[in-house]
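As a plain string of letters, each chain reads:
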Amino acid sequence: MTDHGPIAIWVAIVLIGVATYLIRLSFIHLFGRIDDVPPAVERALRFVPPAVLAGLVAPALISVGPTLEATLLDDRLLAGLVAGAVAWRTEDMFATIGVGMATLWLLRFVVP
Amino acid sequence: MNADFRAGARDVLPVLLGVVPFAMVVGIAAIDAGLTPLQAIGMSAFVYAGSSQLAAIELLGESAPIAVAVFTAIIINLRMVMYSASIAPHFDDYRRRTRAFLAYFLTDQAYALSLTAYEADAVEDERWYYLGVATPISIVWMVCTALGVVLGSGIPDSWGLSFAVPLVFLAILVPVMKDRPRTVAAIVSGAIAVVLVSAPFNLGLPTGALVGIAAGLLTEAVRNR
């Protein structure tokens, strides 16, 4: 639960919203063409999705425990690996979320 | 109704199936993190970019500084510079006000579908096809965020519903790891984020992302030599 007050949260929402809109508008406003983005910037931008998403996913699945066993046998990591395999095979968001949640519940509530 | 609008609305139907769970997770996660229902729905309207919303929600929920939440969301949305540049030539006949209106709806899905149709020469009026794709996405996005907000507050913690958040990211991440440089970027960024998980101000994520991007560029440079 957040410790931020309502005004701080609204400030964050508005700032992110304005910045995101300006990013969207950038080249549409400038009548740009794709070669207007400097090639070096374009190359770097292609790595934004994998880098950022992995930075979000990895800490949510992996929590380094006191032993290697505790780290590897974590229910979130195991469920995440199964979901990752489903994402690889199907590229389907429904299937990935469904199988991942089902695996987590199986490990939590069924497996002793 | 305009034929191009109808064609866009027809083409977007399968994509909406993916928007539904994503939007619901955003609504649920926002309530989980302590946002009010109005803030959750307001965020979907103002920001209208799911991955960045989820990241910001997670960081706000951990009481990270506002600046870190905003900065992280901006990094995530930087990819839209590419979309904006690539779709701009198709919009440059329109008036400035029209272009400003169209820009709001620029999402991964609206961009991908529209560009595909433009390049196949299947569209007469680019603006109407784009709006045919984008309008259903934005409606489903708002309605399903609200649905998540309503459902989220009634579900017990032990179900671990917030786990759906990293699963959403995982479902987007895996297909993005198309080649070795992008895979390296993901692994480096993920490893740094795990190691720096207790870093102050939640700086592990932006640090990992920046180093990961550098590692991807380096891998590509080495490979192309």
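The preceding data block contains the structure.
1. Regarding the overall build of chain A
- Assigned secondary structure in chain A consists of six helices and zero strands.
- Over its C-alpha atoms, taken along the principal directions, chain A stretches across nearly 60 × 40 × 30 Å.
- In chain A, which comprises 112 residues, the proportion classed as buried is 42%.
- Partitioning the contacts of chain A with sequence separation of at least 6, the portion at a separation of at least 24 is 23%.
- When the accessible surface of chain A is totalled, it reaches about 6000 Å², and 71% of it is carbon and sulfur.
- Side-chain charges of chain A comprise 7 positive and 9 negative groups, with the mean position of each set lying 5 Å from the other.

2. Description of the side chain of R182 of chain B
- Structurally, the position occupied by R182 of chain B is in helix α10 (residues 180–195).
- Taking the relative accessible area as the measure of exposure, R182 of chain B reaches 15% and is therefore buried.
- Apart from the residues lying within four places of it in its own chain, the contact partners of R182 of chain B are R46, F47 and P50 of chain A together with V176 and M177 of chain B.

3. Quick notes on helix α1 (residues 6–29) of chain A
- The terminal C-alpha atoms of α1 of chain A lie 33 Å apart, and with 24 residues this matches the ideal 34 Å at 1.5 Å per residue to within 8%.
- Remark: the principal bend of α1 of chain A, roughly 25°, maps to I23 of chain A.
- I9, A12, I13, I16, G17, A19, T20, I23, R24, L25, F27 and I28 of chain A are the residues of α1 of chain A that are buried.
- Each element contacted by the buried residues of α1 of chain A is listed here: α2 (37–46), α3 (50–61), α4 (66–77), α5 (80–91) and α6 (96–104) of chain B.

4. Here's the deal with unusual backbone geometry
Residue and element names in this part refer to chain A.
- At E91, a position not held by glycine, the phi torsion is positive, near 50°.
- Inspection of the secondary structure assignment puts E91 in the loop between α5 (75–90) and α6 (93–110).
- Note on E91: relative accessible area 56%, which makes it exposed.

5. Some words on the layout of surface pockets
- Space inside the largest pocket adds up to approximately 1200 Å³.
- Looking at the lining of the largest pocket, the elements with two or more residues in it are α3 (48–61) and α6 of chain A together with α1 (3–32), α3, α5, α7 (108–119), α8 (126–152) and α9 (164–176) of chain B.
- Tallying contributions element by element places α1 of chain B first for the lining of the largest pocket, with six residues.
- The class makeup of the residues in the lining of the largest pocket is 27 nonpolar, six polar and nine charged.
- Of the volumes computed, that of the second largest pocket is approximately 720 Å³.
- What lines the second largest pocket is a set of 29 residues, and nearest its centre among them are A60 of chain A together with E58, L59, E62 and S162 of chain B.
- For the lining of the second largest pocket, the secondary-structure elements that each account for two or more residues are α3 and α6 of chain A together with α1, α3, α9 and α11 (204–224) of chain B.
- Looking at the lining of the second largest pocket, the element that brings in the most residues is α3 of chain B, giving six residues.
- Of the residues in the lining of the second largest pocket, the class split is 18 nonpolar, six polar and five charged.

6. Focus: the pattern of salt bridges
- Overall, the coordinates contain six salt bridges over all chains when judged by the stated rule.
- Across the pair E220 of chain B and R46 of chain A runs a salt bridge, and its minimum N-O distance is 2.9 Å. On the criterion of chain membership, the pair formed by E220 of chain B in helix α11 and R46 of chain A in the loop between α2 (39–45) and α3 is interchain, its members lying in two chains.

7. Quick word on the nonpolar core
Residue and element names in this part refer to chain B.
- L54, I87, F91, Y118, Y130 and I137 are the most contacted members of the largest nonpolar core, which has 105 residues in total.
- It is α1 that provides the largest number of residues to this core, a total of 13 residues.
- When sequence neighbours within four positions are dropped, the list of residues in contact with Y130 reads I87, F91, L102, A103, F105, L106, A110, S114 and Y118.

8. Topic: the interface of chain A and chain B
- With 68 residues of chain A in contact, the opposing surface of chain B contributes 86 residues.
- Carbon and sulfur atoms supply 78% of the area that chain A and chain B bury against each other, a total of about 7000 Å² over both sides.
- Considering only the side of chain A, the residues that lose the most area to chain B are R24, I28 and F47 of chain A, jointly responsible for 12% of the buried surface there.
- At the surface where chain A touches chain B, the tally comes to one salt bridge.
- Where chain A packs against chain B, one counts 19 residue pairs in polar contact (both at pLDDT 80 or more).
- Tallying contributions element by element places α1 of chain A first for the side of chain A that touches chain B, with 19 residues.
- A class-by-class count of the residues in the side of chain A that touches chain B yields 47 nonpolar, twelve polar and nine charged.

9. Focus on α10 of chain B
- The end-to-end C-alpha separation of α10 of chain B is 22 Å, in line with the 22 Å expected for 16 residues at 1.5 Å each.
- Within α10 of chain B, burial applies to P181, R182, A185, A186, S189, G190, A193 and V194 of chain B.
- Buried residues belonging to α10 of chain B abut α3 of chain A together with α9 and α11 of chain B.
- Two to three positions downstream of the cap, the backbone nitrogen of R182 of chain B sits 3.1 Å from a side-chain oxygen, assigning the N-cap of α10 of chain B to D179 of chain B.

10. Some remarks on the packing of aromatic side chains
- Enumeration over the complete set of coordinates arrives at nine aromatic pairs over all chains.
- Ring geometry for Y48 of chain B versus Y104 of chain B: centroids 5.4 Å apart, planes at 20°, classification stacked. With Y48 of chain B in the loop between α2 and α3 and Y104 of chain B in helix α6, the pair connects residues that are 56 residues apart, well separated along the chain.
- Ring geometry for F91 of chain B versus Y94 of chain B: centroids 6.3 Å apart, planes at 40°, classification tilted. Across this residue pair, the class does not change: F91 of chain B and Y94 of chain B are buried.
- Among the aromatic side chains, those forming a connected cluster through ring pairs are Y48, F101, Y104 and F105 of chain B.
- Cation over ring: R46 of chain A sits above F47 of chain A, and NZ or CZ is 5.6 Å from the ring centre.

Cut-offs applied
Residues numbered from 1 in each chain as written. Chains lettered and ligands numbered in written order. Predicted model: local features only at pLDDT ≥ 70, side-chain atom pairs only at ≥ 80, totals over all residues. Heavy atoms only, no water. Helix = DSSP H or I, 4+ residues; strand = E, 2+ residues; numbered from the N terminus. Buried < 20%, exposed > 50% of the residue type's maximum accessible area, 1.4 Å probe, protein only. Contact = heavy atoms within 4.5 Å. Areas by Shrake-Rupley, 256 points an atom, 1.4 Å probe, with all protein chains shown as cover. Lys, Arg positive; Asp, Glu negative; His and termini not counted. Charge placed at Lys NZ, Arg CZ, Asp CG, Glu CD. Expected span 1.5 Å × (residues − 1). Bend = angle between axes of the 7 residues up to and from the residue. 1 Å grid on protein atoms, 1.4 Å probe; cavity = no way out; pocket = protein on both sides within 12 Å on 5 of 7 lines; lining within 4 Å. Points joined across faces, edges and corners; volume = space filled by probe spheres on them. Nonpolar A, V, L, I, M, F, W, Y, C, P; charged D, E, K, R; others polar. Salt bridge = Lys/Arg side-chain N within 4 Å of Asp/Glu carboxyl O. Core = buried A, V, L, I, M, F, W, Y, C linked by side-chain atoms within 4.5 Å. Buried area = accessible area lost by both parts, 1.4 Å probe. Polar contact = N/O pair within 3.5 Å; in protein donor to acceptor, adjacent residues only side chain to side chain. Phe/Tyr/Trp six-rings, centres within 6.5 Å; stacked < 30°, edge-to-face > 60°. Lys NZ or Arg CZ within 6 Å of the ring centre and 35° of its normal.

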